[in-house]
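Chain by chain, the residues run as shown.
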Amino acid sequence: MDGIEIAIGTYENLMLGYRIEKKLASEGFTLESSFTTDSHCGALRCLAISPQGVLVSSSTDDSIRLHSLKKRKEVGSLFQHDGSVNCIRFFRGGHMFSTSEDGTICLWKCKNWELLRVLKGHRCHVMAFAVHPSGKLGLSIGNDRTFFTWDMTTGKLAFKRKTDEVAQDLMFTHDGSHYILVYQKKIDVCTLEDTEVIQEIKFNSRINVVCWVEENILAVGGDDGKVSIINVMSNTEVVHKIFEGRVRSMCFLATEMGELLFVAGSSGSIRVCKLDRTENNESIEVIVDYNSGTRLTCMTAYAPPEALKDKKENESVSAKDRVKEKQKKKRKASEMDSSQNHGEEDFSLKDDDENGSEGESDDEHDGSDKTGNDDEVEEENSDNGDEDEIEEEETIKPKSKKRKITESSQDDKKRGKKPNFEKTAKKQKFEKSTRKQKRLHSEDLHARKKKKLS
């Protein structure tokens with residue numbers, strides 16, 4: 001349980017942080033306050049934590065705040081949206097999506113929090129956004145029953161349709177073959193190929209929050225204070241009574257200690273439950289029960305990589321991804337060059353590699369070419385020194401012209417153009433013949449002057 005933190009947002013514009021600590025007097029765990037911030041000017045709407053430990057929050061003040069859990073301070077703010085941000089989600093730790101009541105969806109790069117793209121198409125509040133595990137497809141829903149499908153390779157709207165009623169949330173399954181639409185009192189499981197509803201799960205009370213526990217296993221919390229663990233494919237359900245009031249927020253972490261489900265109630269109560277899911281038994285054990293004394297709006301939890309259950313598997317997968325990215329580095333660079341030449345933007349959800357070393361090597365290469373050409377010019381000028389001794393102007397003009405020709409070829413190299421060596425050779429030949437004619441003309445004049453004097 002070391003390093004696991006919980007962050008909650010309240011109606012009182014506060015964001016509170018808690019750390020799970022073991023009780024000294026008796027067995028069990030409790031929550032201890034780790035930080036408190038009031039950076040927002042309105043009630044908190046949603047919270048999310050990146051794999052790097054950056055806490056992202058939004059409120060009714062239309063802003064997004066960035067807080068570092070390691071440094072315990074605010075590290076930045078994002079002010080792109082003109083309405084309250086309803087949903088914040090990360091994709092593979094490298095990108096973040098935010099949806100707002102202004103009808104836009106923003107894509108941010110987590111490395112430097114650069115705004116990469118703004119998806120426009122909704123004419124109302126955007127409730128939620130989900131990205132396919134492949135990163136090539138995105139789904140969004142609005143509060144006017146609009147359902148949009150986005151092509152994430154181009155960032156453009158691919159398809160739109162209307163749903164039967166207003167959906168509150170949507171999520172992809174782990175394998176990406178299906179997605180779920182969350183309504184007020186039901187959940188529809190749809191296929192990705194033909195958007196057909198293959199499973200309809202109904203509830204007696206209003207649904208407030210859902211979160212994935214594992215593949216095809218969903219946790220659902222509602223106004224009745226119950227948490228339902230549901231297999232969305234087989235529609236098998238196990239219901240657990242957690243609160244007397246309504247469940248306001250939930251999140252799930254698979255740690256070394258076990259599967260932990262964090263449940264927050266609207267009254268300010270926070271409970272950490274340990275799931276015991278076997279073939280013949282499925283139970284929930286409450287290991288932490290804490291009352292924050294505030295009116296909760298949202299909650300999220302974070303565990304460092306060393307505390308996660310699948311640390312080694314995640315590291316191996318990420319290593320393979322990095323190798324694949326490096327192999328595709330040259331291909332991506334060529335695609336970016338071609339897209340820039342055609343005036344198109346490159347849109348990718350994969351993590352970018354740093355290209356600083358390549359730029360330095362290119363600069364060094366250009367510098368070596370320049371010094372080599374200058375030496376050639378000096379050698380040519382020294383060879384032609386006997387012919388240029390007649391007049392000082394003749395020694396200066398050919399030298400400057402040759403240097404101009406060489407510099408122009410270097411400029412062509414910088415611009416990516418191939419220098420025209422045939423044209424340069426013709427110019428040099430023409431200049432040489434011109435100098436010879438001038439020399440003969442001056443000798444002729446000198447001979448005529450001698451004749452006149454004699």
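The rules behind these values
- Residues numbered from 1 in each chain as written.
- Predicted model: local features only at pLDDT ≥ 70, side-chain atom pairs only at ≥ 80, totals over all residues.
- Heavy atoms only, no water.
- Helix = DSSP H or I, 4+ residues; strand = E, 2+ residues; numbered from the N terminus.
- Buried < 20%, exposed > 50% of the residue type's maximum accessible area, 1.4 Å probe, protein only.
- Contact = heavy atoms within 4.5 Å.
- Phe/Tyr/Trp six-rings, centres within 6.5 Å; stacked < 30°, edge-to-face > 60°.
- Pairing = 2+ DSSP bridges.
- Axes fitted to C-alpha atoms, helices over the stretch in contact; angles between N-to-C directions.
- Core = buried A, V, L, I, M, F, W, Y, C linked by side-chain atoms within 4.5 Å.
- Salt bridge = Lys/Arg side-chain N within 4 Å of Asp/Glu carboxyl O.

### Some details on the overall build of the protein chain
Phase 1: Across its full length, the protein chain carries five helices and 28 strands.
Phase 2: In the protein chain, buried positions account for 43% of the 454 residues.
Phase 3: The long-range fraction of contacts in the protein chain, counting pairs at least 24 apart against all pairs at least 6 apart in sequence, stands at 44%.

### Remarks on the packing of aromatic side chains
Phase 1: Evaluation of the coordinates by the stated rule reveals five aromatic pairs.
Phase 2: Ring centres of Phe-147 and Tyr-179 lie 5.7 Å apart, and the angle between their planes is 25 degrees; this geometry places the pair in the stacked category. Here Phe-147, found in strand β14 (residues 146-151), pairs with Tyr-179, found in strand β17 (residues 178-182); they are 32 residues apart in sequence, far enough to count as distant. Both residues of the pair, Phe-147 and Tyr-179, count as buried.
Phase 3: Grouping aromatic residues by their ring pairs yields a cluster made of Phe-147, Phe-172 and Tyr-179.

### Some remarks on the sheet that holds strand β12 (residues 126-131)
Each strand in a sheet pairs with its neighbour through backbone hydrogen bonds, running either in the same direction (parallel) or in the opposite one (antiparallel).
Phase 1: With antiparallel pairing, four strands are arranged side by side in an open sheet as β12-β13-β14-β15. The sheet is open, and its two borders are formed by β12 and β15 (156-162), each paired with just one other strand. Taken over all neighbouring pairs, the strand axes of this sheet differ in orientation by 20 degrees on average, direction set aside.
Phase 2: Alignment of β12 against strand β13 (residues 137-142), held across five bridges, turns out to be antiparallel. Counterpart to Ala-130 in the pairing with β13 is Leu-139.

### Overview of the sheet that holds strand β11 (residues 114-120)
Phase 1: A sheet is described by the order of its strands in space; here four strands give the open sequence β8-β9-β10-β11, paired in antiparallel fashion. The open sheet has two edge strands, β8 (85-91) and β11, and neither has a second partner. With strand direction ignored, the average angle separating the axes of adjacent strands in the sheet is 20 degrees.
Phase 2: Two strands pair when backbone bridges link them, and β8 and strand β9 (residues 95-100) are joined in this way by six bridges, in the antiparallel orientation. When the bridges of β9 are listed, Phe-90 appears paired with Met-96.

### Quick notes on the nonpolar core
Phase 1: Grouped together as the largest cluster of nonpolar side chains are 22 residues, with contacts concentrated most on Ile-6, Ile-8, Ile-20, Phe-262, Ile-270, Val-272 and Met-299.
Phase 2: Going through the elements one at a time, β1 (5-10), β2 (15-22), β3 (29-37), β24 (247-254), β25 (259-265), β26 (269-277), β27 (282-291) and β28 (296-302) are the ones with two or more residues in this core.
Phase 3: If sequence neighbours within four positions are ignored, Met-299 has contacts with Ile-6, Ala-7, Ile-8, Leu-47, Ser-249, Met-250, Cys-251, Phe-262, Val-263, Ala-264 and Ile-270.
Phase 4: Counting residues in hydrophobic clusters, the runner-up holds 17 residues, among them Ile-229, Phe-252, Cys-273 and Leu-275.

### Digging into the pattern of salt bridges
Phase 1: The final tally for this structure, using the stated rule, is eleven salt bridges.
Phase 2: For Glu-101, the salt bridge goes to Arg-45, with nearest N and O atoms at 3.6 Å. A residue pair is termed long-range when its members are at least 10 positions apart, and Glu-101 in the loop between β9 and β10 (104-109) and Arg-45 in strand β4 (residues 44-49) qualify at 56 residues.
Phase 3: Given a relative accessible area of 26%, Glu-101 falls into the partly exposed group.
Phase 4: Arg-45 sits in the partly exposed class, given a relative accessible area of 32%.
Phase 5: As a salt-bridge pair, Arg-271 and Asp-289 come within 3.3 Å of each other at their nearest N and O atoms. Here the residue Arg-271 occupies a position in strand β26, and Asp-289 occupies one in strand β27, the gap between them amounting to 18 residues.

### Things to note about the environment of Glu-200
Phase 1: Tracing the chain through its elements places Glu-200 in strand β19 (residues 197-202).
Phase 2: When the C-alpha atoms of Glu-200 and Cys-190 are compared, they prove to be 9.0 Å apart, with ten residues separating the residues in sequence.
Phase 3: When residues no more than four places from it in sequence are discounted, the contact partners of Glu-200 are Lys-186, Ile-187, Asp-188 and Asn-235.

### Notes on the pairing of β28
Phase 1: Judged by how many residues are buried, β28 sits mostly within the fold: seven of seven residues are covered.
Phase 2: Judged from the six bridges that link them, β1 and β28 form a sheet pairing that is antiparallel. Of the residues in β28, the one forming a bridge with Ile-6 is Ala-301.

### Brief notes about unusual backbone geometry
Where the residue is not glycine, phi is negative for most of them; where a peptide bond is considered, it is trans in most cases.
Phase 1: Within the chain, Arg-92 stands out as a residue other than glycine whose phi angle is a positive 55 degrees.
Phase 2: Tracing the backbone shows Arg-92 in the loop between β8 and β9.
Phase 3: Of note, the phi angle at Trp-113 is positive, near 55 degrees, even though the residue is not glycine.
Phase 4: Checked against the element boundaries, Trp-113 lands in the loop between β10 and β11.

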